[in-house]
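Residue strings, one per chain:
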Amino acid sequence: MTPFASLYALHVLAAVLWVGGMFFAWMVLRPAAVAVLQAPERLRLWAEVFRRFVQWVWIAVAVLPISGIGMWHLRFGAMASAPRYVHVMTGLYLVMLALFLRLVLLQLPALRRAVDGQDWPAGGAVLGKIRALVGLNLLLGLALIAIASARPVF
């Protein structure tokens, strides 16, 4: 396997882990949890789901720029010679990273406090904010994957 192929494989796996996890949470787990769990159990479930998922996303957050910069260097040399879609992908990653950091640093501690204090209305409000952040990040991730796959010229 060439160095580029190795980096590409790591890059794709990291993106699938992050974006696929958000898709599963948004489209499958959330509706199922709403259908079968009461608010306290649902909030406890989400607190534990996020605790576990965030650990994996940290790996993706590290692997994506390392593999991306490596591929950039191997394929295009200087940043200026990369196609515009690569720059767009980089920008979208930075926006996704900022949203992820907002979720991890602000929203998840608030959710944990609400669950630990059994403040279910506050937990529900925080979970609504988290849902919006995850939904936006999912849309950005899907757009990024579409751009990466199509490699448009613009």
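Right above here is the structure, for reference.
A brief look at the structure comes next. (Residues numbered from 1 in each chain as written. Predicted model: local features only at pLDDT ≥ 70, side-chain atom pairs only at ≥ 80, totals over all residues. Heavy atoms only, no water.)

A look at the nonpolar core
Core analysis: the largest hydrophobic core is formed by 44 residues, its most contacted members being Trp18, Phe50, Phe100, Leu108, Leu111 and Ile130. Going through the elements one at a time, helix H1 (3–36), helix H2 (39–76), helix H3 (84–116) and helix H4 (120–150) are the ones with two or more residues in this core. The element best represented in this core is H3, accounting for 15 residues. Contact partners of phenylalanine 100, with chain neighbours within four places excluded, come to Trp18, Val54, Val57, Trp58, Val61 and Asn137. (Core = buried A, V, L, I, M, F, W, Y, C linked by side-chain atoms within 4.5 Å. Buried < 20%, exposed > 50% of the residue type's maximum accessible area, 1.4 Å probe, protein only. Helix = DSSP H or I, 4+ residues; strand = E, 2+ residues; numbered from the N terminus. Contact = heavy atoms within 4.5 Å.)

Topic: the packing of aromatic side chains
Aromatic ring pairs: the centre-centre distance and the angle between the two ring planes describe each pair. A full pass over the atoms with the stated rule returns five aromatic pairs. With 6.5 Å between their ring centres and 85 degrees between their planes, tryptophan 18 and tyrosine 93 make a pair best called edge-to-face. With tryptophan 18 in helix H1 and tyrosine 93 in helix H3, this residue pair connects regions lying 75 residues apart in the sequence. Ring geometry for tryptophan 18 against phenylalanine 100: centres 6.0 Å apart, planes inclined by 70 degrees, an arrangement best described as edge-to-face. On the criterion of sequence distance, the pair formed by tryptophan 18 in helix H1 and phenylalanine 100 in helix H3 is long-range, its members being 82 residues apart. Each of the two residues, tryptophan 18 as well as phenylalanine 100, counts as buried. Members of the aromatic cluster, each reached through a chain of ring pairs, are Trp18, Trp58, Tyr93 and Phe100. The ring of tryptophan 26 is capped by arginine 30, whose NZ or CZ atom sits 5.9 Å from the centre of that ring. Positioned above the aromatic ring of phenylalanine 4, the side-chain terminus of arginine 75 is 4.0 Å from the ring centre. (Phe/Tyr/Trp six-rings, centres within 6.5 Å; stacked < 30°, edge-to-face > 60°. Lys NZ or Arg CZ within 6 Å of the ring centre and 35° of its normal.)

Description of H4
An ideal rise of 1.5 Å per residue puts 45 Å on 31 residues; H4 measures up with 44 Å between its terminal C-alpha atoms. N-cap assignment for H4: the residue whose side-chain oxygen lies 3.3 Å from the backbone N of alanine 122 is aspartate 119. In the stretch just after H4, arginine 151 is the one whose phi turns positive, near 45 degrees. (Expected span 1.5 Å × (residues − 1). Polar contact = N/O pair within 3.5 Å; in protein donor to acceptor, adjacent residues only side chain to side chain.)

A short note on the side chain of serine 67
On the secondary structure map, serine 67 appears in helix H2. On the basis of relative accessible area, serine 67 is assigned to the buried category, the value being 1%. When residues no more than four places from it in sequence are discounted, the contact partners of serine 67 are Leu7 and His11.

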